[in-house]
Amino acid sequence: MATLRARRWIMAASLPLVVAATLTTLPAPANALSTDVVISAVYGGGGNSGAAFKNDFIELANRTDSPISVAGWTVQYASAAGVVFQTTALSGSIPANGRYLIQEAAGAAGTLDLPTPDASGSVPMSATSGVVALVTSTIPLVGCGTACATAPNVKDLIGYGATANVETLAAPGLTNTTANARGGALVDTDNNSVDFTSGAPKATNSAGVTVTVGDDPTGPTDPTPGTTRIHDIQGAGRISPIVGQSVTNVPGIVTAVRTTGSSRGYWMQDPSADADPLTSEGIFVFTGSTTPAVASGDSVLATGRVTEFRPATGSQALTELGGPINTIKLTSGNALPAPIPVSFPDAFTKTGSLEAQPLEPGAYVLDWLEVHEGMRVTVAQDTRLISPVDTEFGELWVTLKPAQNPTPRGGSAYVSYDDPNSGRLMLQALNGAPAANVGSTLAGGSVGVVDYQSFGGYVIQATTLGAITEGGLKPQTVTPPKKAGDLSVVTYNVENLTVADPDAKYARLAQAVVVNLGKPDIIALEEIQDNNGTAGGGVVAADQTVAKFIAAIAAAGGPTYGWRSIDPNDGTDGGAPGGNIRQVFLFNPARTTFVDRPGGDANTAVTVLKARPTSNQIMLSASPGRINPTSSVWNASRKPLVGEFLYDGNKQLFVIANHFNSKGGDYPLAAAVQPPNRTSEVQRVGQATEVRDFVADLAAKSGNTARVVVLGDINDYQFSPTLATLTDNGALLRTLISELPVNERYSYVFDGNSQTLDHILISPTIKGYSYGVVHINAEFSDQASDHDPQILRILTGCGSEPLPERCHPGSPVVDVR
C-alpha cells in the first residue's frame with residue numbers, strides 16, 4: 001500500500017530541545033486546534049468580477065483514517081469586523097482522509113461550477129477579509145468578540161485579511177481570484193498565518209471530485225521540452241530556488257508510480273544530469289487523488305507549479321510539482337537512469353536550521369539523502385532488518401552500519417539523544433513486502449526512489465525489493481522457574497484491548513501471560529479500553545474487557561486473576577477517541593492479597609496515611625486510588641493507578657501503574673531544525689514530578705521502609721529528563737532497565753531504533769530482585785501488541801544483611817540472545 005499523507009501518528013524518538021537565542025513575542029495561541037476535522041479552504045470571491053467560480057465556498061478535511069459524521073454541525077461566517085455569524089447546516093459525513101464541500105452564495109459573474117457540493121448555504125462571503133468557524137452545534141456564535149476561536153463548540157476557525165478574530169494571526173487577505181488553502185499535510189498549529197496560504201481557488205467534494213481555477217482540460221500539447229530542468233527546480237539547497245513558480249514541459253523518465261491513497265503521482269528523473277553534485281535530478285509529480293496515466297519507463301513532459309510539501313509540523317520539505325498537472329507522454333519503454341548506491345557518511349546531521357545551511361552530502365546522512373531526493377538509488381549490499389516488516393504498509397528498516405549499537409537479537413539500540421543510529425534506512429515496497437522479523441537479512445539489490453514522508457522522514461520507495469531471509473528470531477520465555485515465596489510483577493501494554501477484539505488476540509495475550517511470563521503474580525496492564533471500544537456514547541466501564549481477558553488466561557492454563565481499576569471520566573484520559581483507556585491491576589489471589597480501601601474514584605486524590613502518629617506503618621487513603629487526578633499535568637492523559645498489596649507473610653507492597661502522555665507533537669529525527677523539538681516532554685516531566693512526590697511521601701511517612709514498585713508505559717527513555725525526575729536522579733527509585741547491558745535496554749521498536757518506553761522502577765527497600773524484558777512482540781511482524789512486557793521478581797528471604805547469594809541484584813530472569 002502506498003504511503004498516505006498524514007495517514008497515522010506514532011510515537012517519535014527525538015533529539016535534545018533547541019532553545020533559540022532570540023525570541024519573538026507572538027499573540028497567545030488559540031484553542032481551536034483540531035486533530036480530526038479542519039477547515040481546509042475558504043473562498044469569498046465567487047461570482048465577482050474576474051472570478052472563475054460562480055460561488056463562494058468553504059472546504060473541510062478529515063485528517064483521520066475513519067469517516068467522521070458532521071450531522072448537527074454548522075459552518076458559520078462573519079464579516080471581518082462583524083459580531084453576527086450566519087450559519088450553514090451540515091449533514092452526512094466526511095470520508096476517511098477526504099474532503100467536504102460547502103457551497104455558499106453566487107454572484108453575477110463567473111463561468112465555472114463547483115463540484116457537486118455536500119452542503120449548500122446562501123451566505124455572501126467577503127472576497128477580501130472575513131471569519132469562518134467550524135462549529136459542532138447549530139447554535140450561532142454570539143458574544144465571543146474577537147476570541148471566537150476559543151468559544152464553546154468551535155472545532156476550527158480561520159480569520160483572513162483585515163480581521164482580529166483569528167487563531168493567533170490572520171491568514172492572507174484574498175481577492176476575487178484567490179482562495180486560502182491549508183497545506184497538504186493539513187497541519188493545524190492554531191496560527192492562521194502559518195496554516196494557510198493563498199493561491200488559485202481549488203475545491204474538492206466528498207466524492208473526491210476536484211475543480212481548480214486554471215485547469216486546462218488539454219494542457220499544453222506542444223511536445224517540445226521546456227527550458228527548465230529538474231535540477232533547476234531542485235537547486236543546490238533544501239528549498240527550490242523557484243518555489244511557487246509554474247514550469248512547463250519539464251522533461252524526465254518516469255521511474256516509479258504511486259497509484260493508491262490520496263497522494264498519488266509519479267517520480268521522474270532527468271537522465272542528462274548537470275555537473276553539480278548538490279542538485280538532485282529526480283522529483284515527485286503530485287496528482288492528488290487522480291491516478292497518473294503513466295508507467296515506469298515513459299518519457300514525459302510535466303507541467304505544474306513548484307511546491308515545497310511539508311508532511312508534518314517540524315519536518316523537512318519535499319520539493320515537488322503540484323497541481324494542476326499536465327503530462328505529455330512522448331515514448332514508452334525507455335531505459336531507466338542507473339540507480340546510485342546508497343552510501344551514508346558517519347554523522348547523521350548537523351545542528352541548527354538545515355534549510356539555512358549549505359548541503360554537505362559527504363559529511364551528513366540527511367544531506368546525502370536530500371541531494372538524492374526523488375532519484376533512483378539502490379541498496380547494493382546485504383543488510384540486516386532492524387525493524388519487523390509492517391506488511392500493511394510494506395515498510396521495513398535496515399542498517400547500513402551493522403556494527404552500530406547492535407542488540408543481541410539483531411536490532412539497533414537507541415542509547416542516547418546524541419546517537420540516533422546514522423546507519424538506519426527505511427524502505428517502503430510499493431508492491432508490498434513479506435512478513436519478516438528483526439535480524440532477518442535483506443539481500444542486496446533493492447532499488448527505489450528517495451522520498452520524504454510524515455512517518456519516518458526519508459524513505460526509499462522501493463520498486464524492487466531484495467529477497468528477505470528470515471533470521472530465526474524466537475519469542476522469549478521467563479527462566480528459571482520461580483521459587484516459593486518469590487513475587488513476580490509484570491508491566492504489559494496490551495495496545496488498545498477492547499471486548500470487540502477477536503478471540504485470537506485475547507488468546508495470544510493470554511498465552512504470553514501463562515507461558516512467556518510464567519503466570520506472574522501481579523500484572524499492571526496499560527491500554528485497556530472500555531466495554532464498547534471507540535464507539536463512544538459515554539461508556540466508561542471496562543469490566544467486560546477485563547473479564548474476557550481473565551477468562552482467556554484461565555483457558556490457557558493460568559490462574560483466575562482478580563482485578564482492580566478505576567473507571568476514568570469519559571473522554572478525559574487521551575488515547576483513541578472514545579476508548580477511555582486506563583491501567584488495570586491483575587493479581588493472583590493465591591499468591592498475593594489486594595488490600596481494598598474504599599474512596600477511590602476518577603477525581604479523588606489518593607494520599608498516604610500513617611496507621612498511628614508514632615508508627616512507620618502506613619496505608620493508602622483509598623486502594624485502588626489515583627495520584628492527584630485533577631492536576632493539569634494529567635490533561636488528556638492517563639492518571640496513575642495505585643494499589644496496596646500483601647505477599648510472603650503479609651509483607652506490604654505499593655504498586656503504581658502508569659501510562660504517561662505520548663510523544664505526539666515531537667518533531668521527527670529527520671526534522672528541519674536539529675536537534676528536534678521535544679514539546680511533549682514538558683507534560684511528562686510534570687507527571688513524573690507528581691509520581692515522584694507521591695513515592696517520596698510513601699518513603700518519608702514509612703521511615704524509608706515502604707516497598708514501592710513504579711511501572712508502566714512511561715513513554716520516555718532511560719536517559720530522558722522524565723526518568724531523571726521520576727527517580728530523583730536515582731536517589732528515590734532504581735531504573736532497572738539501566739542495569740541491563742546498554743545494547744539490551746529496549747522494549748519497543750520505532751523508526752528502526754530499539755528503544756525503551758516501558759519501565760519498572762523499585763525503591764531501595766527492595767533488596768533482592770531479578771529483572772528482564774521479555775521480547776515477544778516488538779521485534780516481530782506478527783504482534784499481539786507493539787510493546788514487550790517486563791518482569792520483576794522480588795526474591796524471598798532477602799530482608800536482612802548480609803544478603804544471601806540469591807538476593808544479590810541482577811540475577812537474570814530471561815535468557816537474552
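Above this note sits the structure.
Below is a short write-up of the structure. These numbers were taken from a predicted model, which means no experiment stands behind them. (Residues numbered from 1 in each chain as written. Predicted model: local features only at pLDDT ≥ 70, side-chain atom pairs only at ≥ 80, totals over all residues. Heavy atoms only, no water.)

**Comments concerning the sheet that holds strand β16 (residues 264–269)**
As a reminder, the rule being used: If DSSP finds at least two bridges between two strands, the strands pair. Helix and strand definitions follow DSSP, with helices as H or I runs of at least four residues and strands as E runs of at least two, each counted in order from the N terminus. Lines fitted to C-alpha atoms define the axes here, with helix axes fitted over just the stretch in contact, and angles between the N-to-C directions of these axes take values from 0 to 180 degrees.
Taken in spatial order, the five strands of this closed barrel run β15-β16-β17-β19-β18, and their pairing is mixed. Direction aside, the axes of adjacent strands within the sheet are offset by 55° on average. Where strand β15 (residues 246–258) lies against strand β18 (residues 299–309), six bridges are found, and the strand directions are antiparallel. Looking at the pairing, Pro-251 lines up with Leu-301 of β18.

**Focus on the pairing of strand β28 (residues 457–464)**
Inclusion rule: The buried label applies to any residue whose accessible area, calculated with a 1.4 Å probe on protein chains only, is under 20% of its type's maximum; exposed applies above 50%, and partly exposed to all values in between.
Within β28, six of the eight residues are buried, which leaves the element mostly enclosed by the surrounding structure. Sheet topology places strand β27 (residues 446–453) next to β28; seven bridges connect them, and they run antiparallel. For Tyr-452, the partnering residue across the bridge sits in β28 and is Tyr-458. Here β27 hands over to β28 after three residues, with Gly-456 in that stretch at a positive phi of 100°.

**So, the state of the cysteines**
Short version of the rule: In plain terms, two cysteine sulfur atoms within 2.5 Å form what is called a disulfide here.
What the rule picks out here adds up to one disulfide. Between the sulfur atoms of Cys-144 and its disulfide mate Cys-148 the distance is 1.9 Å. Here Cys-144 and Cys-148 share a disulfide; its torsion about the S-S bond, 75°, makes the bridge right-handed. Accessibility expressed as a relative area gives 15% for Cys-144, which makes it buried. Given the relative accessible area of 0%, Cys-148 is considered buried.

**Concerning helix α6 (residues 681–701)**
Where we set the bar: One less than the number of residues in a helix, times 1.5 Å, gives the span that helix is expected to have. The contact definition used throughout considers only heavy atoms, calling two residues in contact when any of these lie within 4.5 Å.
Helix length check: α6, at 21 residues, gives a terminal C-alpha distance of 30 Å against a target of 30 Å (1.5 Å per residue), a fit within 8%. Along α6, the residues that are buried comprise Glu-681, Arg-684, Gly-686, Gln-687, Ala-688, Glu-690, Val-691, Phe-694, Val-695, Leu-698 and Ala-699. Where the residues of α6 are buried, they touch β35 (608–610), β36 (618–620), β38 (641–647), β39 (651–659), β41 (708–713) and α7 (721–726). After α6 finishes, the residue Gly-703 shows a positive phi value of roughly 65°.

**A short note on the packing of helix α4 (residues 503–516) against helix α5 (residues 543–555)**
Rule in force here: Should an angle fall under 35 degrees it is taken as roughly parallel, and over 145 as roughly antiparallel, whereas 65 to 115 is taken as roughly perpendicular and any remaining angle as oblique. Less than a right angle of anticlockwise turn of the near helix away from the far helix marks a crossing as left-handed, whereas a clockwise turn marks it as right-handed. Following the grouping adopted for this structure description, the nonpolar residues are Ala, Val, Leu, Ile, Met, Phe, Trp, Tyr, Cys and Pro, the charged ones are Asp, Glu, Lys and Arg, and the polar ones are all others, Gly among them.
Between α4 and α5, the shortest axis-to-axis distance is 8 Å and the interhelical angle comes to 60°. By the angle class used here, α4 and α5 are oblique. α4 and α5 meet at a crossing whose hand is right-handed. Contacts between α4 and α5 pair Asp-503, Tyr-506, Leu-509, Ala-510, Val-513 and Val-514 from the former with Thr-545, Lys-548, Phe-549, Ala-552 and Ile-553 from the latter. Per-class residue counts for the contact of α4 with α5 are eight nonpolar, one polar and two charged.

**Comments concerning the sheet that holds strand β9 (residues 130–135)**
As summarised here, the arrangement of the four strands in space is β5-β4-β9-β10, forming an open sheet in which the pairing is antiparallel. Strands at the two margins of the open sheet, each flanked by one partner only, are β5 (86–89) and β10 (154–160). The mean inter-strand angle of the sheet, taken between neighbouring strand axes irrespective of direction, is 15°. Two elements, strand β4 (residues 74–79) and β5, share four bridges in a ladder whose sense is antiparallel. Across the sheet, residue Thr-74 finds its bridge partner in β5, namely Ala-89.

**Quick notes on the nonpolar core**
Inclusion rule: For our purposes a nonpolar core is just a set of buried Ala, Val, Leu, Ile, Met, Phe, Trp, Tyr and Cys residues, chained together by side-chain atoms within 4.5 Å.
Among the nonpolar cores identified, the biggest contains 40 residues, and Val-342, Phe-344, Leu-396, Leu-425 and Leu-427 are the most heavily contacted of them. Residue assignment for this core shows that the elements contributing at least two residues are α3 (365–371), β22 (376–379), β24 (395–399), β25 (424–429), β27, β28 and β43 (748–750). Those residues in contact with Phe-344, other than ones at most four positions away along the chain, are Val-365, Trp-368, Leu-369, Leu-400, Lys-401, Ser-422, Gly-423, Arg-424 and Leu-425. Grouped together as the second largest cluster of nonpolar side chains are 28 residues, Ile-523, Leu-525, Ile-528 and Val-774 included.

**Regarding the environment of Leu-112**
Assignment of secondary structure puts Leu-112 in the loop between β7 (99–106) and β8 (119–120). Among the residues examined, Leu-112 registers a relative accessible area of 28% and is labelled partly exposed. Residues contacting Leu-112, with those up to four places away along its chain left out, are Ala-52, Phe-53, Lys-54, Val-211 and Val-213.

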